[in-house]
Amino acid sequence: MGEAEVKPKKAGPVQCSICSQRRAALKRPKTLEQICRECFYAVFEEEIHRVVVDNQLFKPGERIAIGASGGKDSTVLAYVLSELNRRHNYGLDLFLLSVDEGITGYRDDSLETVKRNEIQYGLPLKVVSYKDLYGWTMDEIVKMIGLKNNCTFCGVFRRQALDRGAAMLKVDKLATGHNADDIAETVLLNILRGDIARLSRCTSIITGEDGPIPRCKPFKYTYEKEIVMYAYFKRLDYFSTECIYSPNAYRGFAREFIKDLERIRPRAILDIIRSGEKFRISTSAKMPEQGTCERCGYISSQKWCKACVLLEGLNRGLPKLGIGRTRGLNNGLECDTKQSNGVKNIQSKQCGTLDF
Amino acid sequence: MACGAGNCQSGCFRDDDDSVVTEKKKLTNRTLSSGSDIDLPNHHNLCLKCKVNETLASSGTVSVDGDIGRFCFDCFRGNLFGKFKLAVTSNAMISPTDNVLVAFSGGPSSRVALQFVHEMQHKAQKNFDASRDRSLPVFGVGVAFVDESAVSRIPSDEFDKAIQDMKSIVSNLAPPDKAFHVVPIESVYSSNGRDRLEELLNAVKDVTGKEDLLQHLRMLSLQKNAYENGYTKLLLGSCTSRIACHVISATVKGQGYSLPADIQYVDARWEIPVVLPLRDCLAQELNMLCRLDGLKTMEVLNSPHSGINGLVASFVTLLQEENPSRECTIVRTAGKLTPFHFNQIPESDDSNVHLASRRRQKKFNLKPNESVPPESYCPICNSPLSKSDHINLSSLGSDQTNADIFGATCCPSCQFQILPKEPVSMEHFYSLLPQQFVVQAKDRSFSMQRQLREQIQDFLLSDSEDGT
């Protein structure tokens, strides 16, 4: 598709360019083709099926947990996966896995949506909560540490929560609703912030194969606009609000840029992902060794896993524990042992803020 | 489903200096912007480096945040020249026997490049005159301006004045004398250039594709001029800011594989190797230097970008305003991608090359499989093609035209944004291409066909292609 060419306005209804039978009802965001609803459903679902098959995301008989937040991506993912599972006989046992971070006015509303999805799609639901796992809700955490670095806590805790939930469900894989826009944003973000290690990993469709639960992203090549369009036409039930604690994340820059880009060249989103896949990065010899956390047994490259470090900080009223640059193993914990000897005061040791 | 959380300590290559430097800058800016209200101790007004002269910020010359304000003029200029010289010596860009062609657009970056190259040459000349044995010759310098009046609408009197200004700039940069070449971009054609060029560009519908094709033609015309006039190096004034934009726009166009090739100090893919000595200087610094040092620039000849390139330029500008080290970080990140074997000056057995400069040249630490040359390059943009972009000559039928074969040898990005979609338009486009593009493509497809044939040679029963 070329850039903004001046096309003469067509008079009268346009035929669907795929089936030529029905009237075109929409312009496809990815290709700008004018197609009917039925053909849109068909290409949308078929493309995802191709991604699943070509990348060998699943094996027959596997138990798969779908990370379900109640938002449009995970709702559509649950819907499409269960549909394709039936249609193409993937032979999968699908589950919905939801994380309750304990954010009133946001998460409790979206959880209602997931509970409705459980009934609508007939997929068993498991909810894991920060309160049960860690003894803290995000509301309580934010009350203690404020609105800086709260995403650090939530992100670290959610990763473990999903893994633990997946283990409780005894699933083989976790599928998340990360879409093409997300991944393109992440590629750009990693270039902008100099994170070469993440840059080499962020376009992988399957990650964490050497960890507790491998994760995959069936929507890797699916446009966010198309997911919205699908949910809209199919009248799927989803909850759409941003997290009330989300700060002005740096990702916002990348997102705005990609929106502008999509307007002049829709395929640019996929081109960014393809560039990311083709980057050649020399694998450095320095890879972190994988061990287990001494406190909880979760996978960790340090003595304590990150969640335990953060929790320790929360429980002891030390909000900066685990935040900032690592100085030797387990930032803060070593200082801690010194503190008992009255040598250093941790509170004065500002490890630097991480505001992007 | 974007969470934006990126604060982790997994030992990733976080830019260690980023937040520390930003903190320092914030502190300095607060100090500087408070202005005359606060009784500043003396050392805040003194140059960070020499601690003798007034900073540019305090003398009111510069109101900009960041490093520029903290130096005095001499140290500021010295810092830029130092970066230039370091790039030249550690990448063996210019050897005494070289004849360097400086591409001059009239803009601030190439103006500074020209100035610095002249100063280097001037010093070399003085050393030569002063030395007794005259062993080290002085490298030659020429200046080339690409005249794009065939494709852009600049009033001819403005244009002529600009050319006159350039001529006088070049003649003032002597001794040693430098030739000044005005290279019409239509010179890529041997005859009937203006018409063919106009037709060629009109055949490209995509706005970004047209701009990029023009850029490739620009390089082609410079290469042709350099070759015909006996130059051995082509020097561009590309700065950090321009390279940062290229990193983002190449990513956006799907050129992730070939991106590292374009952003190094040295690009020896070309007949005449291309060197980028201002790679470590920001556009802002170079602009400032031209302003403070009275280096004349001609901005009227540079038209703004449109399409994707324009969008990327405004994006990077926005990011740079938000954080003045962003452009550097982008280039540094992209610098960590594996470069190609042609991204260093090839070692020559020429005994005339001074041993010292050869020793100083940094060598890449390329692993054996990484230093294997790519098998082919796109005939239009000269980007190395990955194995997956490699054409499958076997997938082409035997009745494919030359235009089809040519199209198949191009990279995916050029195929999308430059080549016309319909076969008839493609035939027409192919007929309009400068000879150079066509010849390169033919060579590539011939050699690939030969390689395939060599593999199956033993099993062929006849010598001819169709088995008769």
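Please read all numbers here as calculations on a predicted model, not as lab measurements.

## Here's the deal with empty space enclosed by the protein
All names here are of chain B. Enumeration according to the criterion identifies five cavities of 30 Å³ or more in this entry. In this model, the largest cavity occupies a volume close to 80 Å³. Gly254, Gln255, Ser258, Asp389 and Pro412 are, among the 13 residues lining the largest cavity, the residues nearest its centre. Taken together, the residues of the lining of the largest cavity break down into five nonpolar, six polar and two charged. Composition of the lining of the largest cavity by domain shows at least three residues from each of domain 2 (73–371) and domain 3 (387–454).

## So, helix H11 (residues 326–335) of chain B
In terms of burial, H11 of chain B is largely enclosed, as seven of its 10 residues are buried. Looking at H11 of chain B, one finds that the buried residues are Arg326, Glu327, Thr329, Ile330, Val331, Thr333 and Ala334 of chain B.

## Observations regarding the packing of helix H1 (residues 37–54) of chain A against helix H2 (residues 72–87) of chain A
Two measures define how a pair of helices packs: the angle their axes make with one another and the distance between the axes. Residue and element names in this part refer to chain A. Where H1 meets H2, the axes come as close as 11 Å, and the angle between the chain directions of the two elements is 75 degrees. Considering their axes alone, H1 and H2 lie roughly perpendicular with respect to each other. From H1, Phe44, Glu45, Ile48 and His49 reach across to H2, where they touch Val76, Val80, Leu84 and Arg87.

## Quick notes on the pairing of strand S4 (residues 93–100) of chain A
Residue and element names in this part refer to chain A. Extensive coverage of S4 is indicated by the burial of six of its eight residues. Relative to S4, strand S3 (residues 63–67) runs parallel, the two being bridged by five bridges. Bridging across to S4, Ile64 finds its partner in Leu94. Since S3 and S4 lie parallel, the crossover through H2 that links them has a hand, and here it is right-handed. Pairing of S4 with strand S5 (residues 125–129) involves five bridges; the strand directions are parallel. The partner of Val99 across the bridge, within S5, is Val128. Handedness of the crossover joining S4 and S5 through helix H3 (residues 107–121): right-handed.

## Digging into the pairing of S3 of chain A
Residues and elements named next belong to chain A. Within S3, four of the five residues are buried, which leaves it mostly tucked inside the rest of the structure. As paired strands, S3 and strand S6 (residues 173–175) are joined by three bridges and run parallel to one another. Bridging from a neighbouring strand, Ile64 pairs with Lys173 of S6.

## Quick word on the pattern of salt bridges
Residue and element names in this part refer to chain A. As enumerated under the stated definition, the model contains 40 salt bridges over all chains in all. Its salt-bridge partner being Arg255, residue Glu185 comes within 3.5 Å of it at the nearest N-O pair. Of this pair, Glu185 sits in helix H7 (residues 180–193) while Arg255 sits in helix H10 (residues 251–264), and the two are 70 residues apart along the sequence. The partly exposed category is assigned to Arg255, whose relative accessible area is 27%. When salt bridges with common partners are traced through the structure, they connect Glu45, Glu83, Arg86, Arg87 and Lys234 into a single cluster.

## Examining the packing of helix H7 (residues 240–252) of chain B against helix H10 (residues 307–322) of chain B
Residues and elements named next belong to chain B. Look at H7 against H10: their axes get within 9 Å of each other, and the N-to-C directions meet at 130 degrees. Relative to H10, the element H7 lies oblique. Crossing of H7 over H10 shows right-handed handedness. Contacts between H7 and H10 involve Ala244, Cys245, Ile248, Ser249 and Val252 from the first element and Ile308, Asn309, Val312, Ala313, Phe315 and Val316 from the second. For the contact of H7 with H10, the per-class residue count stands at nine nonpolar, two polar and no charged.

## Some words on the confidence of the model for chain B
When pLDDT is averaged along chain B, the result is 82; 76% of the residues meet or exceed 70. Scoring of the predicted complex yields 0.84 for pTM and 0.83 for ipTM.

About the thresholds
Residues numbered from 1 in each chain as written. Chains lettered and ligands numbered in written order. Predicted model: local features only at pLDDT ≥ 70, side-chain atom pairs only at ≥ 80, totals over all residues. Heavy atoms only, no water. 1 Å grid on protein atoms, 1.4 Å probe; cavity = no way out; pocket = protein on both sides within 12 Å on 5 of 7 lines; lining within 4 Å. Points joined across faces, edges and corners; volume = space filled by probe spheres on them. Nonpolar A, V, L, I, M, F, W, Y, C, P; charged D, E, K, R; others polar. Domains from an automatic or database assignment. Buried < 20%, exposed > 50% of the residue type's maximum accessible area, 1.4 Å probe, protein only. Helix = DSSP H or I, 4+ residues; strand = E, 2+ residues; numbered from the N terminus. Axes fitted to C-alpha atoms, helices over the stretch in contact; angles between N-to-C directions. Parallel < 35°, antiparallel > 145°, perpendicular 65-115°, else oblique. Contact = heavy atoms within 4.5 Å. Pairing = 2+ DSSP bridges. Right-handed = clockwise from strand over helix to strand, strands pointing away. Salt bridge = Lys/Arg side-chain N within 4 Å of Asp/Glu carboxyl O. Left-handed = near helix turned anticlockwise from the far one by under 90°. pLDDT = per-residue confidence, 0-100.

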